[in-house]
Amino acid sequence: MTPPTSPAKPTPPTVRATTAAVDDVPALYARAARHLAALDADWAGHVAAIGPCRHASRPARDPYEALVRAIAYQQLHARAGDAILGRLLALYPGQAFPAPRALLDTDPEAQRACGFSASKLATIRGIAQAALDGLIPSREEALAMRDEDLIERLVTLRGVGRWTVEMLLIYTLERMDILPVDDFGVREGYRRLKRLDQAPSPARMRAIGEAFRPYRTIAAWYLWRMPAAPAPAAP
């Protein structure tokens, strides 16, 4: 997970509380599971059936890479996202991931041939330009930002919505209290958990999620694992 920040640039207490140090992860997940199981019998049964949380983050990535990957996988099954992203990375041999300038210097038609829609490709190239312009923060800068501040900043980018930034917060910045209420899998998972006729609206899901604090990320992880509730492909 995230290494301790440098003493010269400490993470604000309000941000640090939403992340976990390496040695704290198993204990944090266990506390989160106990918190959710204590909510009611439905949660207790579901947590027991799924077992310990195995949420896996990708902390080595910076926000630019994480956003490009998230867009590549957006609205696709994992295998389709893997194939498209794999073809994109093949355009840059010897690089683990293309730098923003390299991505922008590539012929858009070659990138389009990887399988991107015109809209997705415009978004990805826009992300690369925003990284060069300094709009997308470095990992160190992002770690020191509040969740809502980062969301507000990044949703100004074309094609980047709140859900995309929430995936960045969950998988790259390891925030433990994010509930992506616009995610179908979260709301459908809750519908199945509670045996409702309809999934709650995003606004209703946000209100329901107040009971999950400060472990809303872990609640999402468990809701994604309700039978037939599709989890997003980890970008």
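Residues numbered from 1 in each chain as written. Predicted model: local features only at pLDDT ≥ 70, side-chain atom pairs only at ≥ 80, totals over all residues. Heavy atoms only, no water.

Attention now moves to the overall build of the protein. A tally of helices and strands in the protein yields 14 helices and 0 strands. Seen in sequence order, the protein has helices and strands lined up from the N terminus as α-α-α-α-α-α-α-α-α-α-α-α-α-α. Across the 235 residues of the protein, 49% fall into the buried class. Sequence-distant contacts in the protein: of pairs separated by 6 or more residues, those separated by 24 or more amount to 64%. (Helix = DSSP H or I, 4+ residues; strand = E, 2+ residues; numbered from the N terminus. Buried < 20%, exposed > 50% of the residue type's maximum accessible area, 1.4 Å probe, protein only. Contact = heavy atoms within 4.5 Å.)

With that out of the way, let us pick up helix 14 (residues 216-223). For helix 14, a buried count of 8 out of 8 residues is recorded, marking the element as mostly surrounded by other parts of the structure. All of the buried residues in helix 14 are R216, T217, I218, A219, A220, W221, Y222 and L223. Against helix 2 (25-37), helix 3 (41-50), helix 11 (162-172), helix 12 (184-194) and helix 13 (202-208) lie the buried residues of helix 14.

Spacing of three or four residues puts side chains on the same side of an α-helix, whose turn is 3.6 residues. Burial within helix 11 is extensive, with 9 of its 11 residues counted as buried. Buried within helix 11 we find T164, V165, E166, M167, L168, L169, I170, Y171 and T172. Those residues of helix 11 that are buried lie in contact with helix 4 (63-73), helix 9 (139-143), helix 10 (147-154) and helix 14. E174, located one to two residues past helix 11, shows a positive phi value of around 60°.

Quick look at the nonpolar core now. Counting 65 residues, the largest nonpolar core has W43, I127, L150, M205, F212, I218 and Y222 as its most contacted members. Broken down by element, the residue count for this core peaks at 7 residues, all from helix 4. Once you skip the residues sitting within four places of it in the chain, F212 turns out to touch H35, L36, L39, W43, L179, Y190, M205, A219 and L223. (Core = buried A, V, L, I, M, F, W, Y, C linked by side-chain atoms within 4.5 Å.)

A few words now on the side chain of T217. The residue T217 is located in helix 14 in this model. Among the polar contacts listed, one links the side chain of T217 to the backbone nitrogen of I178, at a separation of 2.9 Å. Filtering out sequence-adjacent residues up to four positions away, T217 remains in contact with H55, I170, R175, M176, D177 and I178. (Polar contact = N/O pair within 3.5 Å; in protein donor to acceptor, adjacent residues only side chain to side chain.)

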